[in-house]
Each structure stands twice: as C-alpha cells, then as structure tokens.
Amino acid sequence: MVKDLFERIQDNKGPLGKWASQAEGYYVFPKLEGELGPRMTFHGKNILNWSLNDYLGLANHPEVRKADTDAAIQYGAAYPMGARMMSGHTTYHEQLENELAAFVMKESAYLLNFGYQGMVSIIDALVTKNDIIVYDVDSHACIIDGVRLHMGKRFTYKHNDLESMEKNLQRATKMAEETGGGILFITEGVFGMRGQQGKLKEIVALKQKYNFRLLVDDAHGFGTLGKTGAGAGEEQGVQDDIDVYFSTFAKSMANIGAFVAADKTVIDYLKYNLRSQMFAKALPMIQTIGSLKRLELLRNSSEIKDKLWENVNALQSGLKEKGFNIGDTNTCITPVYLEGSIPEAMIMVNDLRENYGIFLSIVVYPVIPKGIILLRMIPTASHTLADIEETLTAFEAIREKLVSGTYKEIAERTTVDVS
C-alpha cells in the first residue's frame, strides 16, 4: 500500500517544528517592530536588541536609505526583468561586480541573488562526480546542502582541527588519484554560531603538501575583519591564497544578495554554469544600486568599523571580567555559555525580554550539547557603551537566578514539552 505523502508530516513535525505550539511568535518567528536598530519594540515593549546582523549599522544610515529610495523611485521593484544572461543585465550590475572584486582583492566577481542559494549552486558548479569535497563538520547549512548535491565522495573534518583536516586531505588525495578528479576544500571565514575564525592561514599552508582548491564562505567576516574590511582572509594575511571567495550582503551590507569572487577564468565559468543565476531573475536595481552605496561607505568610512570594534571589545571584555564564558570567539559574534536545561533556558530568555528588556538569540540542544545554553549576541556599530552596561547588569542578574535554581523551580511549575 502506498502511504499518503503527508502522513509523515502530520506525525513528525521535525526537530524545530515540534516546538511550534509553544515557541512560535515568541522564541521563534518573533515580531520585532520599529526602525531597525538596537532599540525596537517586541510584544509592545521597548527592547534592547542584540539579534540583528547589521554589524556596521548601515540599515538605517541616511545615505543608504536615500540610495534605496532613489533607486525605488527611478526603477521600481521589478527592474530588470529576466535573468542576467537573457534580459536582466545592466551597467550597474557590472559596476557592483567590479567594485566588489577590487574590494576583496580578486580579479573578478559575480553577483548572486541570495547567499544561501548562491553557495549551494557554487558548490554544485565547481565539482563533478570525480572530484572530492573536504569540509568542516560545523559548516553552515548552505554548504551542507550544496555538498548534498555532490554525486562524488566527500569527507568532513573535525571543526577547525588541523590534524583532522590533514587526515581527510590524505584520504581525499588517495581517492582523487583513483577517480582522476580534484579536491575542493571548504571552510568559513567566521563560524556564525561560536564566533571562531576559520583557520585559513593553516589551511593555506597545507597547499604546500596537498593539491586542492579553497572555497571560503566569509559571510560574517566581510566588512568586519581585516584592515580594509575585506574579511577573514585579509585579517589572516592569506586573501590571495583563497581560490574562491564568497560573501552575502545580508550581514555588513544590510541588504539582500551575495557575490562570489575569484580569478577571471573561474568567474567566467561560473557565469555560464551557475544554475541558480542562469535560471533566476536578476538582482533588482534597488538592491544593486543600494549595495553600491553600502560598499562606498565600507571603503571610505573606516570610523564605522572602528566603532563596531569599540563596542565588540567593550562587550566581550566586560563579560569576561564578570566571569562569563564566551568561548574562544575572535570575531564580533559574542556567545555566552551557561549551564542549564532547555526549560530553564526558555524561562531565562522570557525573563530577559519581559523584565530586563534584553532581546537576543538562544541556542540549545541539539545545536549544542545537552545541558548547555548559548546566548548569542551581535554587537553593532549602532550600539552604545550604555547599552553594553545595561546588558552586563542584566546578565549578572539572570546568572544568579540560574545558579540559585530560580529558573529551575519556575520551569518545574510550567508545562514545557521537551520530548
């Protein structure tokens, strides 16, 4: 008997979906209202927001808002109609690509409509069934989904572990010698959950022993790391050795879209083989022209990045001084690790939002080990030192409640389904 396809969906809503009845609208799919920035409204209350990836505070920069508005007035939301290859190509798209390539110190670049979709398609286009992929076990979902399309062999190495990297490169080399293919090594410039930089310098050094090409997803590094903001490769002095550099506009650029940069030969190949772009409408002019203005500010307004790092250093040093564990982050991403159960975590976040006016992201099992609560904060250039002091005071208060068992007692009186 053939089952109804949707029977499984009714019975198993997935690891996140099973929480929907309790979490939706508050812990997930929350509605933040008002101007994008550190101070917004949640459930009718003013909150201090640490959950936006607007690192440089460009979302509400007056020059950015004007550029977006002017482009919308001149072109509307539809222009250009059609895929770039057929009827959606413009001078502005070319200009943005040239400026992005120069900014990240690559020969050429190509625009992508979305970061997630773009990375999936880049991986698919770069490899054949004879090639081998080696990638970090903690890679972002877009990398994992791209690898899933690969019909050849792939190996994962332990997160940022050099010994595991080399072991899997040895395995990949042996396999590639048998298949007659090559090796694509994938990592991230910044890992978005814990805030660690990928070990790009060490990975590049492995090129002296193994023949592979390096693809780096630098979504969180672009605009925040390096002397000029060109990302984790510049920060670690190996930008020239990254074969394929990728970043999204959804973080530092406060926009929609993404790009990939590499030698002209590689970009020319991708232009004619990236299915996600060949068969998709071109990036609209609002995003394209708006990104040109954002990139101009990245190039010419170093004080914005300086302010970002002033806030990052103040927040992270303040947390460490007060005895909080922030792991080994060496980027803007600021994780705070606490010990507690999922019910305790939910009660604690509710307390933070309702009684302290602090809004941030919470991460629990199965993303991280059982018994650990990760509070993830994104400091931006728009935050103030007063915001940081307010947050540190709130964190001391919630830690006391967690350690004393207050949250556990409340959780035991509250029905929380953790099955």
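Model, not experiment: these values are computed from the prediction.

Some words on the pattern of salt bridges
Part 1: The final tally for this structure, using the stated rule, is 19 salt bridges.
Part 2: As a salt-bridge pair, Asp387 and Arg39 come within 2.9 Å of each other at their nearest N and O atoms. In this pair, Asp387 is assigned in helix α16 (residues 385–404) and Arg39 in strand β2 (residues 39–42), connecting sequence segments 348 residues apart.
Part 3: In this structure, Glu390 and Arg39 form a salt bridge, with 2.9 Å as the shortest nitrogen-oxygen distance. Of this pair, Glu390 sits in helix α16 while Arg39 sits in strand β2; the two residues are 351 residues apart in sequence, bridging distant segments of the chain.
Part 4: Where salt bridges share partners, they join Arg39, Asp387 and Glu390 into one cluster.

Here we look at the packing of aromatic side chains
Part 1: All chains considered together, the criterion is met by twelve aromatic pairs.
Part 2: Between Phe42 and Phe359, the aromatic rings sit 5.1 Å apart at their centres with planes inclined by 65 degrees, giving edge-to-face as the arrangement. Of this pair, Phe42 sits in strand β2 while Phe359 sits in strand β12 (residues 358–359), placing them 317 residues apart in sequence.
Part 3: We classify Phe42 as buried; its relative accessible area is 2%.
Part 4: Their ring planes at 70 degrees and their centres at 5.8 Å tell us that Phe324 and Phe395 sit as a pair that is edge-to-face. Placement of the pair is Phe324 in the loop between α14 (302–321) and β11 (334–339) and Phe395 in helix α16, with a sequence separation of 71 residues.

Some points on the UniProt feature "domain: Aminotransferase class I/classII large" (unreviewed entry) in the protein
Part 1: If you check UniProt for "domain: Aminotransferase class I/classII large" (unreviewed entry), the listed places come out as residues 46–394 in our numbering.
Part 2: Structurally, residues 46–394 comprises 42% helix and 16% strand, and the distance from its first C-alpha atom to its last is 15 Å.

A word on the nonpolar core
Part 1: Membership of the largest hydrophobic core comes to 54 residues, with the highest contact counts inside it found for Leu100, Phe185, Phe212, Phe222 and Phe259.
Part 2: Phe185 has contacts with Val134, Tyr157, Met165, Leu169, Ile203, Phe212, Arg213, Leu214 and Leu215, leaving out every residue within four places of it along the chain.
Part 3: In this structure, Trp50, Ala394, Phe395 and Leu402 belong to the second largest nonpolar core, which totals 26 residues.

Some words on the packing of helix α5 (residues 91–103) against helix α13 (residues 285–300)
Part 1: Closest axis-to-axis distance for the α5/α13 pair is 10 Å, and the angle between their directions is 30 degrees. One finds that α5 runs roughly parallel with respect to α13. Pair α5 / α13 crosses with left-handed handedness. When α5 is examined against α13, the residues Tyr92, His93, Gln95, Leu96, Glu99, Leu100 and Phe103 are found in contact with a partner set consisting of Met285, Thr288, Ile289, Ser291, Leu292, Leu295, Leu298 and Arg299.

Quick look at the environment of Ala219
Part 1: Residue placement: Ala219 occurs in the loop between β8 (213–217) and α10 (232–235).
Part 2: For Ala219 and Ile267, which are 48 residues apart along the polypeptide, the C-alpha to C-alpha distance reads 19 Å.
Part 3: The contacts of Ala219, once residues within four sequence positions are left out, are Phe246, Ser247, Thr248 and Lys251.

Points about the pairing of strand β6 (residues 154–157)
Part 1: Across the two faces of β6 the burial differs, with Phe155 and Tyr157 buried and Arg154 and Thr156 not buried at all.
Part 2: Here four bridges tie strand β5 (residues 132–136) to β6, and the two strands are oriented parallel to one another. Residue pairing in the sheet places Tyr135 in a bridge with Thr156 of β6.
Part 3: Between the parallel pair β5 and β6, the chain is carried across by helix α7 (residues 141–148), and the sense of this crossover is right-handed.

Calculation criteria
Residues numbered from 1 in each chain as written. Predicted model: local features only at pLDDT ≥ 70, side-chain atom pairs only at ≥ 80, totals over all residues. Heavy atoms only, no water. Salt bridge = Lys/Arg side-chain N within 4 Å of Asp/Glu carboxyl O. Helix = DSSP H or I, 4+ residues; strand = E, 2+ residues; numbered from the N terminus. Phe/Tyr/Trp six-rings, centres within 6.5 Å; stacked < 30°, edge-to-face > 60°. Buried < 20%, exposed > 50% of the residue type's maximum accessible area, 1.4 Å probe, protein only. UniProt positions renumbered as here; feature names shortened; annotations may be inferred. Core = buried A, V, L, I, M, F, W, Y, C linked by side-chain atoms within 4.5 Å. Contact = heavy atoms within 4.5 Å. Axes fitted to C-alpha atoms, helices over the stretch in contact; angles between N-to-C directions. Parallel < 35°, antiparallel > 145°, perpendicular 65-115°, else oblique. Left-handed = near helix turned anticlockwise from the far one by under 90°. Pairing = 2+ DSSP bridges. Right-handed = clockwise from strand over helix to strand, strands pointing away.

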